[in-house]
Amino acid sequence: MRAFLDASEVTIRCQQMKYTPDMNGLWSADIRLASQYAGGITEGGTELIITDNGGGTVLFAGPCWNADDQFSTITGFDHRCKWPFRQVQDGDGDYSDPSIFQDFENAVDIMEAAIDNDVANDGPMGITVGSVSASSFSLVGFKPTDWPWTMEHLWSFLVNTGTLDVMLNPGVGGSTVDLHPGDAGSDLSGSVVFDYNTGSFNCMGAKFTFDMKNTISRIRYFLGPKRPFYRGDIQHYSADVQIDDPALDVYDPVKQAQIDAQSASMEGTTGLLREVQIFDANPPLPDGVNPPELTGESALRDLYYALWQSEMLVRTVPRRLLSITPDPNTGVGSFQVGDIITANAVLRTSVGGAQRVYRYTVEQDTEGNEMLTNLVTTADGEV
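Residues numbered from 1 in each chain as written. Predicted model: local features only at pLDDT ≥ 70, side-chain atom pairs only at ≥ 80, totals over all residues. Heavy atoms only, no water.

**Q** I'm lost on the overall build of the protein in this one. Help?
**A** Each helix and strand counted, the protein has seven helices and 19 strands in total. Expressed as a percentage of the 383 residues in the protein, the buried residues total 47%. Within the protein, residue pairs in contact and separated by at least 24 positions form 67% of the contacts whose partners lie at least 6 positions apart. (Helix = DSSP H or I, 4+ residues; strand = E, 2+ residues; numbered from the N terminus. Buried < 20%, exposed > 50% of the residue type's maximum accessible area, 1.4 Å probe, protein only. Contact = heavy atoms within 4.5 Å.)

**Q** For this particular structure, what's the right way to read the pairing of strand 1 (residues 2–5)?
**A** Two faces belong to every sheet, and in a regular strand the side chains alternate between them. In the sheet, strand 1 pairs with strand 5 (residues 47–51) via four bridges, with the strands oriented antiparallel. Its bridge partner lying in strand 5, Arg2 is registered against Thr51. Direction of pairing for strand 1 relative to strand 2 (residues 8–9): antiparallel, over a ladder of two bridges. Looking at strand 2, one finds that Phe4 is bridged to Glu9. Counting the residues that bridge the hairpin from strand 1 to strand 2 gives two residues, and of these Asp6 lies at a positive phi of roughly 55 degrees. (Pairing = 2+ DSSP bridges.)

**Q** Could you clarify how one ought to interpret the pattern of salt bridges in this entry?
**A** A side chain of one charge can pair with a side chain of the opposite charge when the charged atoms of the two come close. In the structure shown here, the tally under the stated rule is nine salt bridges. In this structure, the salt-bridge partner of Asp118 is Arg86, at a minimum N-O distance of 2.7 Å. Separated by 32 residues along the polypeptide, Asp118 in helix 2 (residues 107–122) and Arg86 in the loop between strand 7 (71–77) and helix 1 (100–104) bring together distant segments of the chain. For Asp118, a relative accessible area of 0% puts it in the buried group. Residue Arg86 is classed as buried on the basis of its relative accessible area of 12%. The partner of Glu267 in a salt bridge is Arg218, with the nearest N and O atoms 2.6 Å apart. Placement of the pair is Glu267 in helix 6 (residues 253–270) and Arg218 in strand 13 (residues 218–226), with a sequence separation of 49 residues. Taken together, the shared-partner salt bridges in this structure form one network comprising Glu275, Glu311 and Arg315. (Salt bridge = Lys/Arg side-chain N within 4 Å of Asp/Glu carboxyl O.)

**Q** Quick question: what am I supposed to make of helix 3 (residues 151–160) here?
**A** An α-helical turn contains 3.6 residues, so a residue and the one three or four places further along point in the same direction. Along helix 3, the positions that sit buried rather than exposed are Met151, Leu154, Trp155, Phe157, Leu158 and Val159. Turning to helix 3, the residues buried within the fold contact helix 1, helix 2, strand 9 (165–169) and helix 7 (301–315). Just past helix 3, the residue Gly162 takes up positive phi, approximately 80 degrees.

**Q** Just checking my understanding: could you explain the confidence of the model for the protein for this structure?
**A** Note: predicted coordinates in regions of low pLDDT should not be interpreted at a detailed level. Put simply, the protein has an average pLDDT of 88, and 90% of its residues get 70 or more. Mean pLDDT per element in the protein: helix 4 (residues 228–231) is the minimum at 54, and strand 10 (residues 175–180) is the maximum at 97. (pLDDT = per-residue confidence, 0-100.)

**Q** It is not clear to me how the sheet that holds strand 8 (residues 127–132) should be interpreted in this structure. Could you clarify?
**A** One key point about sheets: their strands pair by backbone hydrogen bonds, in either a parallel or an antiparallel sense. Overall, mixed pairing links the three strands, which are arranged 8-10-9 in an open sheet. On the outer flanks of this sheet lie strand 8 and strand 9, each paired with one strand and no other. Strand-to-strand twist in this sheet, taken as the mean axis angle between neighbours without regard to direction, amounts to 35 degrees. One ladder, built from four bridges, connects strand 8 with strand 10; its direction is parallel. (Axes fitted to C-alpha atoms, helices over the stretch in contact; angles between N-to-C directions.)

**Q** Please clarify how helix 2 should be interpreted in this entry.
**A** Between its first and last C-alpha atoms helix 2 spans 22 Å; for 16 residues at 1.5 Å apiece the expected length is 22 Å, and the two agree. Among all positions of helix 2, only Ala107, Val108, Ile110, Met111, Ala113, Ala114, Ile115, Asn117 and Asp118 are buried. Lining the buried residues of helix 2 we find helix 1, strand 8, helix 3 and strand 10. The distance from a side-chain oxygen at the start of helix 2 to the backbone nitrogen of Val108 is 3.2 Å, and the residue carrying that oxygen is Asn106. (Expected span 1.5 Å × (residues − 1). Polar contact = N/O pair within 3.5 Å; in protein donor to acceptor, adjacent residues only side chain to side chain.)

**Q** Quick question: what am I supposed to make of the side chain of Asp245 here?
**A** Among the structural elements, Asp245 can be located in the loop between strand 14 (237–241) and helix 5 (247–251). By relative accessible area, Asp245 is classed as buried at 12%. A polar atom in the side chain of Asp245 sits 3.0 Å from the backbone nitrogen of Ala247. Beyond its immediate chain neighbours, meaning those up to four positions away, Asp245 contacts Asp240, Arg301 and Tyr305.

**Q** What's the story with a nonpolar patch on the surface in this structure? I'm lost.
**A** Taken together, the side chains of Leu26, Trp65 and Phe77 make up a nonpolar region of the molecular surface, amounting to roughly 230 Å² of accessible area. Within the secondary structure layout, Trp65 lies in strand 6 (residues 58–68). Residue classification places Trp65 among the partly exposed positions, given a relative accessible area of 34%. (Patch = residues over 30% accessible without salt bridge, like charges linked within 9 Å, V, L, I, M, F, W, Y side chains within 5 Å. Areas by Shrake-Rupley, 256 points an atom, 1.4 Å probe, with all protein chains shown as cover.)

Set out below in structure tokens:
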């Protein structure tokens, strides 16, 4: 790998360099070099760039910050680090009450319009739209809550519906994102294989973790508006989404079948564990305009079906992550985040199989040796 600070190459000065792609999260990178070679950095303005050895493929690019002692550690994040401070808006610049959900109705088109509108109205932010894959998942056009929202909030919300993946293409001076209707990446499970203590024995370490802190067996969404606005009912919301809703079997029957099985399995172990979430930010329409079932969040049922199924898929099982460390010079460059690979480990029990890549780190030492130092995969939520 090679490292640059803007146009100045610092590869020969680096004691260490690494970059970490993250599925639907910020990419980061670090280089470490003697402080005397790290002068002239503008915090948040200078671009840290890491390329392959030939210099033709950009592996990471983004604004950087500097931590100084005898050596300097320079940390960069991709340009989406600005999204917490950029607003979701319409083409005319309205971000206090935009109609972007009503206008576009599916996650891919909403995200594309949000990026394009932000750049057009507020100027460059280092990210533009690359390719767009058409989405067939309707979220039904209505605002999901009160505005304003940041671009980071929109990104997280749409990804959590399971109908959007935002895939970064790093570029010098500006990067692009490809937008997919979920399940981005290629199936490389037949060609990319990592084995710890089994098979090809090409890994030097592995850890399989379970996390129960967010695990439940059922979730119930209450959708506004609350009915006292209309009928004097002081208790009930106008709609809900829960496991016995027959519409879920129609919306995505494959996911729902897996959710039903996982929920039953969890309740067989722990008993019923329910979480209730309330979505009630939109006001009702004036009297006589529409019945309450056609207003507020209850008019946005498909969006909440998508969000509910995505959340239930991952929360009705303990969070299971397989972290492995391949042997030096093994597997570097053979996959990207989002791809499905095969990862196996024999620990107390045997775990693995086809796994989606969520995060990995590539490091290079002073001798130019590259190594995958942390590869995180999971089968959770994969149907």
